[in-house]
Amino acid sequence: MFKSLFKNRVKILIEGVNIKRLIKTLVKNKIEIYDLNFISYKQIEITIKANKQKQIKSFLKNYRYKTIKNYGFSLLKKFSLSNLGIIIGLFIFFACVFLNTNFVSKIYISGNDKIQSSEIINYLKTKNIKTNTFLTILNTEKLEKDLENNFKDISLCSIIRKGTNIIINIKEKLYASEILESKDLVSKFNGQILKIDCKQGTPLVKVGDSVQIGDILIAGFLENNSTKVNCIAIGEIQMKVWYTNTFKFFNETTNKVRTGKLVTNSYFKIFNKNITIKKPKINFEKYEKETKESYLFENNIVPIKIFKEYFYEIKENVVKNEFSSEKDAIIDKTLTEALSLVPQNVEVINSFTEISDTENGKIITSYVETIQSFT
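How each quantity is defined
Each chain carries its own residue numbering, running from 1 in the direction its sequence is written. Given that this is a predicted model, residues contribute local features only at a pLDDT of at least 70 and side-chain atom pairs are listed and counted only at 80 or more, while totals for whole chains, interfaces and linings are drawn from all residues. Hydrogens are left out, water is left out, and the side-chain values use all remaining heavy atoms of the structure. Each helix is a run of H or I in the DSSP string that is no shorter than four residues. Each strand is a run of E no shorter than two, and both are numbered from the N terminus. Categorising residues by exposure relies on relative accessible area from a 1.4 Å probe, with only protein chains included: less than 20% of the type maximum marks a residue as buried, more than 50% marks it as exposed, and the intermediate range marks it as partly exposed. It only takes one pair of heavy atoms within 4.5 Å for two residues to be counted as in contact. Only the protein chains shown count as cover for residues, and the accessible areas themselves come from Shrake-Rupley with a 1.4 Å probe. Whenever Lys or Arg places a side-chain nitrogen within 4 Å of a carboxyl oxygen from Asp or Glu, that contact is recorded as a salt bridge. When DSSP finds two or more bridges between two strands, those strands count as paired. Multiplying 1.5 Å by the residue count of a helix minus one yields the expected span of that helix. Note on bend: at a given residue it equals the angle between the axes fitted to the 7 residues ending there and to the 7 starting there.

J.: Please give an account of the overall build of the protein chain that cites residues and values.
T.: Secondary structure summary: the protein chain contains nine helices and 23 strands in total. A buried classification covers 28% of the 375 residues belonging to the protein chain. Considering only intrachain contacts with a sequence separation of at least 6, the fraction spanning at least 24 residues in the protein chain is 64%. Surface exposure of the protein chain reaches about 25,600 Å², of which carbon and sulfur atoms provide 52%.

Put into structure tokens, the structure is as follows:
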């Protein structure tokens, strides 16, 4: 069986008259015949070396003939040529699988509060571990110990490799000073402080200060002989709170209308690299662009994305707007929307609207003033 693999031969069926004379002519011209089978006095099957096919054709001008079987490398060549697309597809598939298992596209870090992610990334670079590079071997157990030994705030570290991603989960050490619970009292609104009654904690604002949502009003600690002791901030806050709504009016507006003309483009993306087959020329003066994407393989075994871009030609129509005719309706709308922001059971003590000019129009802002308390 293995011997026949290296016998590069072909079997040919020949039809015509004077077959025996043809055989003598072939032998005389040193064309070796390995297998001779007379089917009839007008038909014969012969087996010759594959590299003699060109030579034998010069003797078969008056005969009908066809190749009926290939042996050895001749068979392999025929199979390769007839299945070239499949072979190339398999090569690309296995190449992508190889890249997928040896390429690092992203590094995810979670669980770190005290340690900056950039510090860990920089440390990984000293170990030749970084994004958009090939990494055939990753000793996760050794790397976990290295991180634990080199960062004093890391208590435990877990590293897994998933596809082209490296995922690092960190548990940081908890020190004694952090065990005591600390909780700040923060602002629930944007507004101005009218009253602050601190019962526990350290006040950081005073009456008249303007604050934003999330600002710390009473900090969750007490100072004792220059030492900070954690605590839960307790206090009562009263604030003047404004609810606002803004509308921008433009003296001119531009309406975009699609003309119906369209140009499309497609490209592939693999490992953050774009592969464009043919980029079309966009001759539109102005256009809108839409992009759709999908994975080439449903199970995402190879991260190849297909992107389709749609370029729509547009024309712009300029429309002039008259503020005086729309002013009252705009003010009513902005004030109504500002009032809709006020929670139920909260009393409104004042409301007003301000109009300011801009280079290409006006800004209309409505304010609704309330007083609210929280602890």
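Text resumes after the structure shown.
J.: Before we move on, could you go through the pattern of salt bridges and cite the residues and values that matter?
T.: Within the structure shown, the criterion is met by 14 salt bridges. The partner of Lys142 in a salt bridge is Asp146, and the shortest N-O contact between them spans 3.2 Å. Taken as a pair, Lys142 and Asp146 lie in helix 7 (residues 140–150) at a separation of four residues, close to a single helical turn. With relative accessibility at 47%, the residue Lys142 sits in the partly exposed group. What makes Asp146 buried here is its relative accessible area of 15%. Each of Lys127, Lys142 and Asp146 takes part in a single network of salt bridges with overlapping partners.

J.: Describe the pairing of strand 1 (residues 9–15), naming the residues involved and giving the relevant values.
T.: Buried residues dominate strand 1, accounting for six of its seven residues. Sheet topology note: the strand 1/strand 3 (residues 43–49) ladder contains seven bridges and is antiparallel. Residue Glu15 lies in a different strand from strand 3, and its bridge partner there is Gln43. In terms of strand pairing, strand 1 meets strand 4 (residues 64–70) through six bridges, oriented antiparallel.

J.: Break down the sheet that holds strand 14 (residues 216–219) for me, citing the residues and quoting the values.
T.: If you trace the three strands from one edge of the open sheet to the other, you get 10-14-12, paired in antiparallel fashion. Looking at which strands have only one partner, the edges of the open sheet turn out to be strand 10 (185–186) and strand 12 (202–203).

J.: Pulling in residues and values, what's your account of helix 9 (residues 323–339)?
T.: When the terminal C-alpha atoms of helix 9 are compared, their 23 Å separation across 17 residues agrees well with the 24 Å that a helix rising 1.5 Å per residue should span. At Ala329, helix 9 shows its largest bend, some 30°. Within helix 9 the residues assigned to the buried category are Phe323, Ile330, Thr334 and Ala338. Residues of helix 9 that are buried make contact with strand 17 (234–250), strand 22 (348–358) and strand 23 (361–374).

Note that all results are geometric; they support no functional claim without further evidence.
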